[in-house]
Amino acid sequence: MTPMTDSFPSLWASRLRQNQGIRSLMEDLGQVTGHPEEILLGGGNPAHIPEAEEIFAACFQTLANDPNLTALLGDYQAPIGNDRFRSLAAEYLSPHLGARLTKDNIAFFNGSQNAYSYLLNIHSGKMSDGSFKKILLPVVPEYIGYADQTIEADTFLANAPDVIPTGNHRFRYGFNKENFDLSNIGCVVMSRPTNPTGNIFPMEDIQWIEERTQKKSIPLLVDLAYGNPFPNLIATEEPITYAEGRTLSLSFSKIGLPGVRLGIIISNPDTIETLSSFAAVGNLAVGNLGVYMMEILFRKNILPDLAKNVLRPFYEKKLELAIAIFESEFKKLGVEYEIHDPLGGFFLWIRFPNLSISNHKLYHLCKDKRLFIVSGHYFFPGLNSDFSHTKECIRLTYCRKEEELARGAHILAKIVASHQAKSK
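Parameters and conventions
Residues numbered from 1 in each chain as written. Predicted model: local features only at pLDDT ≥ 70, side-chain atom pairs only at ≥ 80, totals over all residues. Heavy atoms only, no water. UniProt positions renumbered as here; feature names shortened; annotations may be inferred. Pairing = 2+ DSSP bridges. Helix = DSSP H or I, 4+ residues; strand = E, 2+ residues; numbered from the N terminus. Phe/Tyr/Trp six-rings, centres within 6.5 Å; stacked < 30°, edge-to-face > 60°. Buried < 20%, exposed > 50% of the residue type's maximum accessible area, 1.4 Å probe, protein only. Core = buried A, V, L, I, M, F, W, Y, C linked by side-chain atoms within 4.5 Å. Contact = heavy atoms within 4.5 Å. Polar contact = N/O pair within 3.5 Å; in protein donor to acceptor, adjacent residues only side chain to side chain.

- Under an unreviewed UniProt entry, the name given to the chain is Valine--pyruvate transaminase, and the organism recorded is Leptospira montravelensis.
- In its Cofactor (unreviewed entry) section, the UniProt entry covering the chain states "pyridoxal 5'-phosphate".

Here it is, written out as structure tokens:
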């Protein structure tokens, strides 16, 4: 028998074998041993919130007692969901997204990550007219999971953001309009709130971008995994609505159901039709559990109250606690730091100026102490200019218990303090 080798025939496969941020992040989650000293501040798991989990358990109980349980377990859906579920989602989401949606605007996927692997390849790479289109990220850092999803290499383009001081040890990334260029761009992509920073793209900036993209028929893709209408972790910022030229994505993961793997795409009928072809080839069908749970949650109109009265208060309190814990440890050990204003999402984006090591090396030093974080260097796909933040920032989740946050803050502060040259 001929022995197997590690060589692969395709350039795409070879590229996927390289060091990926999303693979590293998810493998860290999957390789957790349960050791009591492990501190899991790296992943994107939502917190376990009893009030939310009681609702989800009740959904499961309803499904278990449903005569249609055999269909849930034993029948395929259509590639992007059966018509009755798509019609239900269109009717339910229409008032929440300020549009008159139909089933032809809706597609379901096994998570929004799965959907983006198709969406990004629809709008980038070699086009039917022979041109090569890229994906523009108007502000980086951006979501770690976008970077490796395109079959073609070198498909992302990004410009360094404006860095805006907003207070003591605080800053925010702003949209730099001067270098905004739509030449050879197939789509513009953003997450709102932004993963990893918690930034929320102002609606006036979105409208400025759309004044230019619409003239060239370039779609705007907005990832709402943490945004409106659920879990709606956008503080007092204006919610986004659906409009022609926009493709929106929603997720059940951040309401507390990451294991269910349900993503919802809202777009124009032509894009939905193309996505159906991708889904049939890549998945055969969307899974049943997510859409059956969605039917219960939508028909009972559970999610608005859950978001407003449970999720947002919980995460706002967690955020306040986490910032107090980390700032206390940083100040005790004289660590220089800046935190991006966390307007939404689950994360703290922290910059350590004057580090004598890279953030990737910092990640490994923390991991040696059983502290899991995410190196910020993964979040800048397509950025070709020199920007110090690519080497100085990390992402932390604040969804963990207070004791775990405190131990993590202490270990992180000690490591950073020993590798930071203090400015004079």
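Back to the write-up after that little detour.
1. Let's talk about the sheet that holds strand β13 (residues 347–351)
Part 1 of the reasoning: Overall, mixed pairing links the six strands, which are arranged β6-β7-β12-β13-β16-β15 in an open sheet. Both edges of this open sheet fall to β6 (162–167) and β15 (374–375), since each of them pairs with a single strand only.
Part 2 of the reasoning: In this structure, β13 lies alongside strand β16 (residues 393–397), joined through five bridges in antiparallel fashion. Looking at β16, one finds that F347 is bridged to T397.

2. Description of the UniProt feature "domain: Aminotransferase class I/classII large" (unreviewed entry) in the chain
Part 1 of the reasoning: Per the UniProt record, the feature "domain: Aminotransferase class I/classII large" (unreviewed entry) sits at residues 185–410.
Part 2 of the reasoning: Taken end to end, residues 185–410 is 40% helix and 17% strand, and its first and last C-alpha atoms sit 44 Å apart.

3. Regarding the packing of aromatic side chains
Part 1 of the reasoning: In this structure the tally under the stated criterion is 26 aromatic pairs.
Part 2 of the reasoning: Ring geometry for Y143 against Y146: centres 5.0 Å apart, planes inclined by 85°, an arrangement best described as edge-to-face. For the residue pair Y143 and Y146, the accessibility class agrees, reading buried in each case.
Part 3 of the reasoning: Ring plane angle 90° and centroid distance 5.5 Å describe the contact between F330 and F352, whose orientation is recorded as edge-to-face. Highlighted residues: F330 in helix α10 (residues 303–332) and F352 in the loop between β13 and α11 (359–368), separated in sequence by 22 residues.

4. Quick look at the nonpolar core
Part 1 of the reasoning: In this structure, L93, F252, I264, F352, L362 and L412 are the most contacted members of the largest nonpolar core, which totals 133 residues.
Part 2 of the reasoning: Here this core takes eleven residues from α10, the largest share from any one element.
Part 3 of the reasoning: Every residue in contact with F352, bar those within four places of it in the chain, is listed here: F330, V335, E336, Y337, L362, E392, I394, L412, V416 and Q420.

5. Quick notes on the pairing of β6
Part 1 of the reasoning: Inspection of the sheet shows β6 paired to strand β7 (residues 170–174) by five bridges, in the antiparallel sense. Following the sheet pairing, I164 is matched in β7 by R172.
Part 2 of the reasoning: The antiparallel pairing of β6 with β7 creates a hairpin that spans two residues between the two strands, and H169 there sits at a positive phi of about 65°.

6. Quick look at the side chain of N288
Part 1 of the reasoning: Mapped onto the secondary structure, N288 falls in helix α9 (residues 288–299).
Part 2 of the reasoning: Within the structure, the side chain of N288 is placed 3.4 Å from the backbone oxygen of A71, a separation counted as a polar contact.
Part 3 of the reasoning: Here the side chain of N288 touches Q77 through a polar contact of 3.1 Å, side chain to side chain.
Part 4 of the reasoning: When near neighbours in sequence (up to four residues on either side) are disregarded, N288 contacts A71, L72, D75 and Q77.

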